[in-house]
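Letter by letter, the chains look like this.
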Amino acid sequence: MDKVSKIAVLTSGGDAPGMNPCIRAVVRTAIYNNLEVVGVKQGYQGLIDNDIYDMSRRSVSNILDLGGTILKTARCLDFRTEEGMEKAYKNLQDRGINGLVVIGGDGTFTGALRFSKKYPDIAVMGVPGTIDNDLGGTDYTLGFDTATNTVIEALDKIRDTADAHDRLFFIEVMGRDAGCIALRAGISTGAEAILLPEKETAIEELIEGLKAGEYNKKSSSIVIVAEGDKRGAYDVAQMVQKEVKFYDVKVTILGHMQRGGSPTAFDRILGSRMGFAAVNALINGETQKMVGLRGNSIATTPLEEALNMHEFKLEDDLMEMVKILNI
Ligand code: ATP
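As the structure is a prediction and not an experimental result, all values here were calculated from the model.

Draft legend 1. Main features of unusual backbone geometry. With a phi close to 55°, N62 is a non-glycine residue in the positive phi region. Along the chain, N62 turns up in the loop between β3 (52-54) and α3 (82-94). Positive phi is not limited to glycine here, since N133 has a value of about 55°. Accessibility expressed as a relative area gives 1% for N133, which makes it buried.

Given below as structure tokens:
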């Protein structure tokens with residue numbers, strides 16, 4: 001494989017705060033190393049539609065504080081087909097692009113791996129960008145910290161009104177099949193219960209806990225329901241309401257606000273480090289890998305391995321702590 005000389009960068013799948021700092025780092029690291037760099041709009045769709053443009057240091061000025069992604073993102077069905085991949089390859093080849101940085105989640109990485117196996121002359125490097133924190137090979141994904149902080153801010157406000165009215169709130173938070181946001185937000189706000197997809201809490205156990213809280217003279221209670229809990233916040237609330245008469249019960253689904261907002265310091269730094277590392281890994285001849293944060297170091301992991309790990313980062317010790325601190 002030729003040494004990488006021209007890099008394309010794209011964001012794909014769900015957007016996550018921190019993608020922009022990462023794009024900035026990719027562009028500036030590439031230029032510093034005398035590589036050409038282009039941006040691709042709308043993820044893999046832009047590769048297929050040739051929606052690709054040259055980037056300079058100035059194309060990424062003043063974007064560190066922006067949520068979303070300046071390159072836009074999309075879910076692209078065509079890239080799953082052989083014809084779609086061929087079109088994408090041809091567009092890259094015509095422009096002399098031989099390195100690709102993809103910022104996204106496991107779907108994005110699956111596509112990148114398939115593409116690079118089919119066309120190994122294009123080196124690919126993944127950057128984990130998803131608020132869900134559900135990828136192997138990294139302790140944290142880009143956007144997770146910002147999303148968790150957004151949830152905390154909302155929960156603090158809900159606690160004020162819950163307390164004023166002696167209410168029981170069920171709050172549904174994002175995270176797909178992972179309960180990472182729910183657990184961290186629950187620890188940070190003293191939620192009375194956290195329902196996680198990885199470990200289903202029986203309704204009876206939940207009711208018992210809420211009754212104990214009332215006995216302990218709690219004036220409000222908050223139950224966080226991770227979106228991956230199959231029962232959903234409304235159904236859980238309904239089941240509990242029948243048994244718990246001492247609280248007025250309310251449900252709030254936080255929804256897409258959790259994806260937006262200016263990235264936290266953590267996500268700005270993580271995005272910068274990961275973008276910087278992704279370009280350096282390509283320069284060093286690495287391909288079909290992702291960069292990740294392990295401990296406080298950036299390391300690369302083969303995409304194949306990272307996709308198989310798809311681990312959940314729920315620490316049992318944190319769950320145990322919640323049981324003691326939040327009752
Ligand atoms: P998030 O975790 O935020 O949802 P994601 O990267 O997992 O992000 P997906 O929609 O699953 O989001 O995947 C992003 C894109 O990756 C898809 O729209 C598609 O273009 C591409 N992709 C996913 N799976 C494949 C596959 N098996 N083959 C080729 N391309 C794929």
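Draft legend 2. Structural context of the site of the ligand. Around the ligand, the surrounding shell holds 18 residues, and the nearest of these are R75, C76, G105, T108 and R176. Residue T108 places a side-chain N or O atom 2.5 Å away from an oxygen atom belonging to the ligand. Side-chain polar atom of R176 to an oxygen atom of the ligand: 2.9 Å apart, as the coordinates give it. Isolated, the ligand exposes 620 Å² of accessible area, and the fraction of that covered by the protein chains is 90%. Broken down by element, the shell around the ligand gets its largest block of residues, six residues, from helix α4 (residues 106-118). Among the residues forming the shell around the ligand, the class breakdown is four nonpolar, nine polar and five charged.

Draft legend 3. Here's a closer look at the pairing of strand β4 (residues 99-104). Across the six residues of β4, six count as buried, placing the element largely inside the fold. Burial along β4 is two-sided: G99, V101 and I103 facing one way and L100, V102 and G104 facing the other are all buried. Two elements, β4 and strand β5 (residues 123-128), share six bridges in a ladder whose sense is parallel. Paired with V102 across the bridge in β5 is G126.

The rules behind these values
- Residues numbered from 1 in each chain as written.
- Predicted model: local features only at pLDDT ≥ 70, side-chain atom pairs only at ≥ 80, totals over all residues.
- Heavy atoms only, no water.
- Helix = DSSP H or I, 4+ residues; strand = E, 2+ residues; numbered from the N terminus.
- Buried < 20%, exposed > 50% of the residue type's maximum accessible area, 1.4 Å probe, protein only.
- Near = heavy atom within 4 Å.
- Polar contact = N/O pair within 3.5 Å; in protein donor to acceptor, adjacent residues only side chain to side chain.
- Areas by Shrake-Rupley, 256 points an atom, 1.4 Å probe, with all protein chains shown as cover.
- Nonpolar A, V, L, I, M, F, W, Y, C, P; charged D, E, K, R; others polar.
- Pairing = 2+ DSSP bridges.

Just geometry here; none of it tells us what the structure is for.
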